[in-house]
Amino acid sequence: MPIELVRDPREWQSRCLEARAAGRRIALVPTMGFLHAGHASLLRGARERAGPGGLALASIFVNPAQFGPAEDLTQYPRDLPRDLATCEAAGVDWVLAPEPGDVYASGHETWIEVERTAQGLCAGTRPGHFRGVATVVAKLFHLSVPHVALFGEKDWQQLQVVRAMVRDLDFAIEVAGMPIVREADGLALSSRNVYLSREERGRALALSKALRQAQVRAAGGEREAAVLSREAREALAREGVEVEYVEVVHSERLERLAHAGPGSRMLVAAQVGRTRLIDNVELP
Ligand code: AMP
């Protein structure tokens, strides 16, 4: 079956409800488009989890509600024809690509606030970001009625925010976290990497390098979070990367830890030129 593009959220919802009532298993990958190999791995995961006769679904929607007033909403890269080809190659059945006005009708006034998990880290510089994420994900869940939804571990805090919302609001949906897909040299794939100049692309490598170094140091016995974070901050600064945060946190609750160990992660956000990048690793 060729891939099908649906623009209208209402039409999408009736198709999904009908498919679910007919007993088809539904797997959903929410994205903002400009798809790369990281997205493709989620899409193939959805195809696999939907199983034979199931539906692998993707949404492509640059969600205005998760962008701050000074952020890159209007410049965010878009390429729907290429994205459809990527989805088709991954075995996706249907793609929802709605207009903002059809997702947020005028008079929209209901928002989802995840409290603890959506504080600190990225929320420090992006207030309201996770409220926008949680709200659009809840809407996509209601529109798509998936059995399972796949999210990348690259956006670690986002994954935990979605898990918290699903748990607290009793969504009967399995949330699958998928490993970070990286370039051969370690840079985490991101739609925003297209903003990087050649020179910035070189400096951006500092993020994955600093994280890998922290993993090596922790494996070698350095467990002090303060030491590991300081070393990572210094390594980033040496490469001319402006650090927003480097934190060692509990991987699910995201609270700051004094010591690395099982269930801990290092999360980093940094500015390379005008591009904001994030990355994270598990600490041994
Ligand atoms: P986005 O289009 O940036 O909103 O991302 C859509 C989904 O793809 C999110 O669940 C991301 O975490 C995931 N994703 C983005 N980049 C990567 C990557 N390099 N590896 C794995 N998943 C990713």
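Residues numbered from 1 in each chain as written. Predicted model: local features only at pLDDT ≥ 70, side-chain atom pairs only at ≥ 80, totals over all residues. Heavy atoms only, no water.

## Considerations on helix H1 (residues 9-21)
(1) Moving on: A rise of 1.5 Å per residue sets the reference length of H1, with its 13 residues, at 18 Å; its end C-alpha atoms lie 18 Å apart and thus fit the reference within 8%.
(2) Moving on: All buried positions along H1 are accounted for by Pro9, Trp12, Cys16 and Ala19. Axial view of H1: buried residues confined to an arc of 90°, hence all on one face. Away from its buried face by more than 90 degrees, H1 exposes Arg10, Glu18 and Ala21. (Helix = DSSP H or I, 4+ residues; strand = E, 2+ residues; numbered from the N terminus. Expected span 1.5 Å × (residues − 1). Buried < 20%, exposed > 50% of the residue type's maximum accessible area, 1.4 Å probe, protein only. Arc of directions from axis to C-beta.)

## A look at the site of the ligand
(1) Moving on: By nearness alone, 17 residues border the ligand, and His39, Gly152, Asp155, Val181 and Leu189 come closest of all.
(2) Moving on: Residue His39 places a side-chain N or O atom 2.9 Å away from an oxygen atom belonging to the ligand.
(3) Moving on: Between Val181 and the ligand, the recorded distance is 2.8 Å, taken from a backbone N or O atom to a nitrogen atom.
(4) Moving on: When isolated, the ligand has an accessible area of 480 Å², and the protein chains bury 93% of it.
(5) Moving on: In terms of residue count, helix H2 (residues 37-50) provides more of the shell around the ligand than any other element does, 3 residues in total.
(6) Moving on: A class-by-class count of the residues in the shell around the ligand yields 9 nonpolar, 6 polar and 2 charged. (Near = heavy atom within 4 Å. Polar contact = N/O pair within 3.5 Å; in protein donor to acceptor, adjacent residues only side chain to side chain. Areas by Shrake-Rupley, 256 points an atom, 1.4 Å probe, with all protein chains shown as cover. Nonpolar A, V, L, I, M, F, W, Y, C, P; charged D, E, K, R; others polar.)

## Describing the sheet that holds strand S6 (residues 174-178)
(1) Moving on: Ordered in space as S1-S4-S3-S2-S5-S6, the 6 strands form an open sheet in which the pairing is parallel. Looking at which strands have only one partner, the edges of the open sheet turn out to be strand S1 (4-6) and S6. Here the strands of the sheet are splayed against their neighbours by 25° on average, with no regard to which way each runs.
(2) Moving on: For strand S2 (residues 26-31) and strand S3 (residues 55-60), the ladder comprises 6 bridges, and the chain directions are parallel. Note on S3: the bridge partner recorded for Pro30 is Ser59.
(3) Moving on: Against the sheet, helix H3 (residues 80-89) makes contact with S1, S3 and strand S4 (94-96), and its axis sits at roughly 160° relative to S3, the strand it touches most. (Pairing = 2+ DSSP bridges. Axes fitted to C-alpha atoms, helices over the stretch in contact; angles between N-to-C directions. Contact = heavy atoms within 4.5 Å.)

## A look at the sheet that holds strand S9 (residues 275-283)
(1) Moving on: Across the sheet, 3 strands lie side by side as S7-S8-S9; this open sheet has antiparallel pairing. In the strand order of this sheet, the two ends are held by strand S7 (242-250) and S9, each with one partner. On average, each strand axis in the sheet is tilted by 15° relative to the strand beside it, whichever way the strands run.
(2) Moving on: Two elements, S7 and strand S8 (residues 264-272), share 8 bridges in a ladder whose sense is antiparallel. Along S8, the bridge assignment pairs Val249 with Arg265.
(3) Moving on: The sheet contacts of helix H7 (residues 198-219) involve S8 and S9, and relative to S9 the element is tilted by about 20°.
(4) Moving on: This element, helix H8 (residues 225-238), spans S7, S8 and S9 of the sheet and lies at about 155° to S7.

## Examining the packing of aromatic side chains
(1) Moving on: Tallied over the entire structure, the rule returns 6 aromatic pairs.
(2) Moving on: On the numbers, 6.4 Å between centres and 35° between planes, the contact of Phe61 with Tyr104 is tilted. Remark: Tyr104 occurs in the loop between helix H4 (100-103) and helix H5 (129-144) and Phe61 occurs in the loop between S3 and H3; sequence separation between them is 43 residues.
(3) Moving on: The exposure class assigned to Phe61 is buried, which follows from its relative accessible area of 6%.
(4) Moving on: Here the aromatic residues Phe61, Tyr104 and Trp111 are joined through ring pairs into a cluster of three or more.
(5) Moving on: The cationic tip of Arg82 hangs over the ring face of Phe34; the distance from NZ or CZ to the ring centre is 4.6 Å.
(6) Moving on: The cationic tip of Arg265 hangs over the ring face of Trp156; the distance from NZ or CZ to the ring centre is 3.7 Å. (Phe/Tyr/Trp six-rings, centres within 6.5 Å; stacked < 30°, edge-to-face > 60°. Lys NZ or Arg CZ within 6 Å of the ring centre and 35° of its normal.)

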